[in-house]
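What the coordinates show
One-letter residues, chain by chain:
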Number of protein chains: 2
Amino acid sequence: MIAEIIAVGTELLLGDVLDTNSRYLSQQLAARGIALCHRQTVGDNPARLEAALTLALSRAELVLLCGGLGPTPDDLTKEIAAKTLGVELCLHQPSLDRILDYYARSGRMMPKSNQKQAMLPISGGVVFPNDHGTAPGCAMEKGGKRVLLFPGPPRELIPMFESYAAPYLDALADGVLRSHYVRVFGVGESAAAEKAAAWLQSENPTVAPYAKDGEMYFRVTARGDTAAEADARCQPTIVELLSLFGDAVYGVDVDSLEQAVVDGLKVAGKTVATAESCTGGLIAERITSVPGASAVFGCGVAAYNAEIKHRVLGVPQDTIDRTGTVSAETATAMAQGVRALSGADFGVAVTGAAGPDPCEGHPVGTVFVACSSERGTEVRALSLGSRDRAVIRTLAASHALDMVRRALAIGQ
Amino acid sequence: MIAEIIAVGTELLLGDVLDTNSRYLSQQLAARGIALCHRQTVGDNPARLEAALTLALSRAELVLLCGGLGPTPDDLTKEIAAKTLGVELCLHQPSLDRILDYYARSGRMMPKSNQKQAMLPISGGVVFPNDHGTAPGCAMEKGGKRVLLFPGPPRELIPMFESYAAPYLDALADGVLRSHYVRVFGVGESAAAEKAAAWLQSENPTVAPYAKDGEMYFRVTARGDTAAEADARCQPTIVELLSLFGDAVYGVDVDSLEQAVVDGLKVAGKTVATAESCTGGLIAERITSVPGASAVFGCGVAAYNAEIKHRVLGVPQDTIDRTGTVSAETATAMAQGVRALSGADFGVAVTGAAGPDPCEGHPVGTVFVACSSERGTEVRALSLGSRDRAVIRTLAASHALDMVRRALAIGQ
């Protein structure tokens, strides 16, 4: 089966929005062994959208469209797709009820313009409910061609795909495809790719490396007649990756480093507290982004100046005077201080120069991360280089989470 | 002038790589007032690349290609482009010398395969040197059409564009295009679009609404012979938007709500401190994401359980016992507490149920936001509905920032 993706939106052509949807949908197609030969992007222009869809239908059986399902007059993707494919749109009462309910729950009246979002292909189609917004998606089917429509916001598109479009596509595909994710922190991308080069030619399972914000993961995907068979085909490769990367692996099939830390703390019955200078609350934010984090996290302090470090976290004034706020000693005292303040089992702290300017004479990227527990305090001194402020903050927070994860592993 | 972008690479169609180049090039074209109506993505497939380029040349005068300039046999973008446009490639000795030198500097011999990277359009073209890699880019010109080629890695493409392609395009462009952004918080997307409907048909300036995470902005873009003339064309529309949305406008040409808050605090010579329960550090993280935030922010406390709210922030035990941790009273005490703890001019606090489960009997989306200053404490009670945890946290943090912004405006 050959597929094509069309991303719709003038904001994409103006460069106002980065198109992450096309990549996500590409990955989903690749994971199902569906060939993708072309992607197109067009603006909110009916004639050009119709021409793009006609072209796509001339060379693919399956066309995925994203964007342009909103309530405004320039959101026309669904209407154009129905016209081009020759499918009729009717009022879909369950979808209208969901939209009315969506507004009612936030105490608002539905604007009249939203009603058109409930016009859907009732015969010759399947409706994909939107659990995170008002615009339903759908599949339109005619003459052996299928056109799938998704809303533009990734936070609506991704859950809709997972809940409704994935099963729809799986039913079209041959056999069952299963993916597992081996997640690694602290290994450079080139080094990891070199280490794993042998697998990149493998066909069943396939192995694909991904890198983002200093983290890496390997997606291991196998096809089988059953899920169990596909899983079994993945297993030997997962075991080899675990042995290759050792304790740099922080989890298999976990969502993130913070998820691994929260899970690990829960299993150990331990708690963590955070003291943050240059990350300014990011570690606490990442930990509490995990549902149920309250079982393992009670207290985080963003101590963004020397006075708060001293007065709230109890960093000795002498330490600050002698070593400055960007130092291993200050990081250590911050971690110990927040542990004492909160009564948590682990105290983790970050201080450094996130940029754009140097801090107390330290070049941008100089960061100290400390992790304190009843077994003592460990410090990592990092030189993260002159990267973006946001990247340095993310890397520093990831190192802090990684230290907690490793401290937990030692404690087991 | 109409342009089109073609991104080349099988890794894009597999979803292994996120296409940031197309967005970057789109922004560069928009900034120059060059209309972009289509983008395409194709794999490393000669026939499909040739068809894509032929299609692009049939509807655009300027085609930008990125990717496929590497030394391997499947890197064929330049050869296909030369063939399609009818331009001859010759050995460009200065480029070959640069590639040889690039290898020599890292103590390696140039592999023979790299020699083809120095084959360039000497007549009917312009060479764009690559200051960060081996593959030169170029512009090919024939019969009123121009095809520009760039290497795929963004760290090579972006500097090459800035140094060599930008001046090339500036010399072609007609007039100047300027954009301004009017940012609004607290107005629903549909309601805002209805209010602003009259402008959406406007042509010079054009007005485009965008919504994200409960915030909206309007991009106002005009063309003129000079920047001043284009700015002057935008001005009346900006003034009308300001009057239409009143104090819901938090800024014109500012990056974000947190940027507006940091800027506003700096101007007023005031400071803020944060006390966060369900947002868990997000407000502090957003404030400190702004470079230079240390001038206005020193202290944030993530108080994720009742004990820390009482012991660190000084919320009276009686308040917690009587009203629970999710209440206007607790939010008030948290805001006052962190203001007292830090000595900041403003204390802002959030407590609520971010989900996925209800909290102390309060449904998901129940959030109290308090802002305390020498003029007293104000509380917002929010019902954000049963949305995603991440959305509720973002909205709650935005409301907190909005309260500080409004408190500052009153204080002026």
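Criteria and cut-off values
Sequence order sets the numbering: in each chain, residues are counted from 1 along the sequence as written. Here the convention is simple: chains get letters from A, ligands get numbers from 1, in the order in which they are written. Selection of residues for local features in this predicted model requires a pLDDT of at least 70, selection of side-chain atom pairs for listing and counting requires 80 or more, and totals for whole chains, interfaces and linings are taken over all residues. To obtain the side-chain values, all non-hydrogen atoms of the structure were used and water was disregarded. Note on pairing: DSSP must find at least two bridges between two strands before they are called paired. Where helices and strands are cited, they refer to DSSP runs of H or I of at least four residues and of E of at least two residues respectively, numbered from the N terminus. Only the contacting stretch of a helix is used when fitting its axis, a line to C-alpha atoms as for every element, and angles between N-to-C directions run 0 to 180 degrees. Contacts were defined at the residue level, with two residues in contact if any of their heavy atoms lie within 4.5 Å. Here a helix's expected span is defined as the number of its residues, less one, multiplied by 1.5 Å. To obtain the bend at a residue, axes are fitted to the seven residues ending there and to the seven starting there, and the angle between these axes is taken. Residue burial is assigned from relative accessible area. The probe radius is 1.4 Å, only protein chains are included, and a residue is buried under 20% of its type maximum, exposed over 50%, and partly exposed in between. We define buried area as the total accessible area lost by two parts upon association, computed with a 1.4 Å probe and summed across both. What makes a salt bridge here is a side-chain nitrogen of Lys or Arg within 4 Å of a carboxyl oxygen of Asp or Glu, nothing more. Pairs of N or O atoms are called polar contacts if they sit within 3.5 Å, as long as, within protein, a hydrogen donor faces a hydrogen acceptor (for residues adjacent in sequence, only side-chain-to-side-chain pairs). Charged residues are taken to be Asp, Glu, Lys and Arg, nonpolar residues to be Ala, Val, Leu, Ile, Met, Phe, Trp, Tyr, Cys and Pro, and polar residues to be all remaining types, Gly included. Ring pairs are drawn from Phe, Tyr and Trp, using the six-membered ring of Trp, whenever the two centres fall within 6.5 Å, and their geometry is named by plane angle: stacked under 30 degrees, edge-to-face over 60, tilted for the rest. The criterion is that NZ of a Lys, or CZ of an Arg, lies within 6 Å of the ring centre and within 35 degrees of the ring normal, and then a charge sits over that ring. Domain boundaries shown here were taken from an automatic or database domain assignment. An angle below 35 degrees is treated as roughly parallel, one above 145 as roughly antiparallel, one from 65 to 115 as roughly perpendicular, and anything else as oblique. Helix crossings are classified by the rotation of the near helix relative to the far one: an anticlockwise turn of less than a right angle makes the crossing left-handed, while a clockwise turn makes it right-handed.

Considering the sheet that holds strand 12 (residues 249-252) of chain B
All names here are of chain B. Ordered in space as 10-11-9-12, the 4 strands form an open sheet in which the pairing is antiparallel. The two strands at the open ends of the sheet, each matched to only one other strand, are strand 10 (206-212) and strand 12. The mean inter-strand angle of the sheet, taken between neighbouring strand axes irrespective of direction, is 20 degrees. Taken together, the 3 bridges between strand 9 (residues 176-185) and strand 12 define a ladder with antiparallel strand orientation. Residue pairing in the sheet places Val184 in a bridge with Val249 of strand 12.

Notes on the sheet that holds strand 14 (residues 297-303) of chain A
Strands sit in the order 17(A)-16(A)-15(A)-13(A)-14(A)-14(B)-13(B)-15(B)-16(B)-17(B) across an open sheet of 10 strands; the sheet is mixed. Looking at the sheet topology across the chains shown, the edges are occupied by strand 17 (376-383) of chain A together with strand 17 (376-383) of chain B. Averaged over all pairs of adjacent strands, the angle between strand axes in this sheet comes to 10 degrees, irrespective of strand direction. As defined by bridge partners, strand 15 (residues 346-352) of chain A adjoins strand 16 (residues 366-373) of chain A across 6 bridges and the pair is classed as antiparallel. Pairing of A:Gly347 across the sheet is with A:Ser372, part of strand 16 of chain A. Contacts from helix 13 (residues 328-342) of chain B reach strand 13 (272-276), strand 14 (297-303), strand 15 (346-352), strand 16 (366-373) and strand 17 of chain B, with the element oriented near 145 degrees to strand 15 of chain B.

Notes on helix 8 (residues 227-245) of chain B
Residues and elements named next belong to chain B. For helix 8, which comprises 19 residues, the first-to-last C-alpha distance of 26 Å matches the rise-based estimate of 27 Å (1.5 Å per residue) to within 8%. The principal kink in helix 8, of about 30 degrees, is found at Gln235, preceding the proline Pro236 by one to four residues. Listed as buried for helix 8 are Ala230, Cys234, Thr237, Ile238, Leu241 and Phe245. Where the residues of helix 8 are buried, they touch strand 9, helix 7 (189-195), strand 10, strand 11 (215-224) and strand 12. Looking one or two places after helix 8, you find Gly246, whose phi comes out positive at around 55 degrees.

Focus: the pairing of strand 10 (residues 206-212) of chain A
All names here are of chain A. Strand direction decides the pairing type here: strand 10 and strand 11 (residues 215-224), joined by 7 bridges, are antiparallel. Residue pairing for strand 11: Lys212 is matched across the bridge by Glu215. What sits between the antiparallel neighbours strand 10 and strand 11 is a turn of 2 residues, in which Asp213 has the positive phi angle 50 degrees.

A word on the interface of chain A and chain B
Counting residues at the interface gives 67 residues for chain A, matched by 66 residues for chain B. Together chain A and chain B conceal approximately 5400 Å² of surface at their shared face, both sides included; 52% is due to carbon and sulfur atoms. The interface formed by chain A and chain B includes 3 salt bridges. A salt bridge links A:Arg393 to B:Glu285; its shortest N-O distance comes to 3.1 Å. Where chain A meets chain B, there are 30 residue pairs in polar contact (both at pLDDT 80 or more). Of the residues assigned to the side of chain A that touches chain B, the class counts are 31 nonpolar, 23 polar and 13 charged. Note: strand 14 of chain A against strand 14 of chain B, 5 bridges, orientation antiparallel. Pairing of A:Gly300 across the sheet is with B:Ala302, part of strand 14 of chain B.

Notes on the pairing of strand 9 of chain B
Bridging between strand 9 of chain B and strand 11 of chain B involves 10 bridges; their strand directions are antiparallel. If you follow B:Arg178 over to strand 11 of chain B, its bridge partner there is B:Ala222.

Let's talk about the packing of aromatic side chains
Each aromatic ring pair is described using two quantities: the centre-to-centre distance and the angle formed by the ring planes. All names here are of chain A. Considering all chains together, one arrives at 16 aromatic pairs over all chains under this definition. Measuring from centroid to centroid gives 5.8 Å for Phe150 and Phe161, while their planes differ by 35 degrees, and the two rings are tilted. Within this pair, whereas Phe150 is found in strand 8 (residues 145-150), its partner Phe161 is found in helix 6 (residues 154-172), the two being separated by 11 residues in sequence. Comparing Phe150 with Phe161 shows no difference in burial state: the two are buried. Members of the aromatic cluster, each reached through a chain of ring pairs, are Tyr24, Phe128, Phe150, Phe161 and Tyr168. Between Arg183 and the ring centre of Tyr217, over which it is positioned, the NZ or CZ distance is 4.6 Å.

Brief notes about the pattern of salt bridges
All names here are of chain B. The tally for this structure, following the rule as stated, stands at 34 salt bridges over all chains. Salt-bridge contacts for Arg405 lead to Asp402; the nearest nitrogen and oxygen are separated by 2.8 Å. Of the two residues, Arg405 and Asp402 both sit in helix 14 (residues 389-411), 3 residues apart, roughly one turn of that helix. A single burial state applies to Arg405 and to Asp402, both of which are buried.

Concerning unusual backbone geometry
Residue A:Pro356 is bonded to the preceding A:Gly355 through a cis peptide linkage, with omega at 5 degrees. With respect to the helices, strands and loops of the structure, A:Pro356 is situated in the loop between strand 15 and strand 16. Look at A:Asp253: it is not a glycine, yet its phi comes out positive at around 60 degrees. As for its placement among the helices and strands, A:Asp253 is situated in the loop between strand 12 (249-252) and helix 9 (257-268). What makes A:Asp253 partly exposed here is its relative accessible area of 41%. In this structure, B:Glu360 takes a positive phi of about 50 degrees despite not being glycine.

Notes on the environment of B:Gly152
Residue and element names in this part refer to chain B. For Gly152, the location among the structural elements is in the loop between strand 8 (145-150) and helix 6 (154-170). Between the C-alpha atoms of Gly152 and Ala104, which are 48 residues apart in sequence, the distance is 23 Å. Setting aside anything within four residues of it in sequence, one finds Gly152 in contact with Asn21 and Gly67.

Some points on the domain arrangement of chain A
Interfaces are often sized by the accessible area lost when the parts come together. Residues and elements named next belong to chain A. We note that the domain assignment places domain 1 (2-172), domain 2 (176-252) and domain 3 (257-411) within chain A. Across the boundary between the two partners, domain 2 contributes 8 residues, which contact 11 residues of domain 3. Three residues, Phe185, Asp213 and Tyr250, lead the burial of domain 2 against domain 3; their summed loss comes to 71% of the area buried on that side. There are 2 salt bridges connecting domain 2 and domain 3. The residue Glu215 makes a salt bridge to Arg286 at a minimum N-O spacing of 3.8 Å. Summed over the shared surface of domain 2 and domain 3, the result is 3 residue pairs in polar contact (both at pLDDT 80 or more).

Observations concerning the packing of helix 2 (residues 21-31) of chain B against helix 6 of chain B
Residues and elements named next belong to chain B. Two elements in contact, helix 2 and helix 6, have axes whose closest approach is 11 Å; the angle formed by their N-to-C orientations is 20 degrees. On the basis of the axis angle, helix 2 is roughly parallel to helix 6. The interaxial crossing formed by helix 2 with helix 6 has right-handed handedness. Within the contact between the two elements, helix 2 uses Asn21, Tyr24, Leu25, Gln28 and Leu29 and helix 6 uses Pro154, Leu157, Ile158, Phe161, Glu162 and Leu169. The class makeup of the residues in the contact of helix 2 with helix 6 is 8 nonpolar, 2 polar and 1 charged.

Concerning the environment of A:Lys309
Residues and elements named next belong to chain A. Tracing the chain through its elements places Lys309 in helix 11 (residues 306-311). On the accessibility criterion, Lys309 (1% relative accessible area) is buried. Through-space distance from the C-alpha of Lys309 to that of Ala165 is 50 Å; in sequence the pair is 144 residues apart. At 3.0 Å, the side chain of Lys309 forms a polar contact with the backbone oxygen of Ala303.

Brief notes about helix 9 of chain A
Residues and elements named next belong to chain A. Between its first and last C-alpha atoms helix 9 spans 16 Å; for 12 residues at 1.5 Å apiece the expected length is 16 Å, and the two agree. Along helix 9, the residues classified as buried are Leu257, Glu258, Gln259, Ala260, Val261, Val262 and Leu265. Where helix 9 ends, the next residue or the one after it, Gly269, has phi of about 65 degrees, a positive value.

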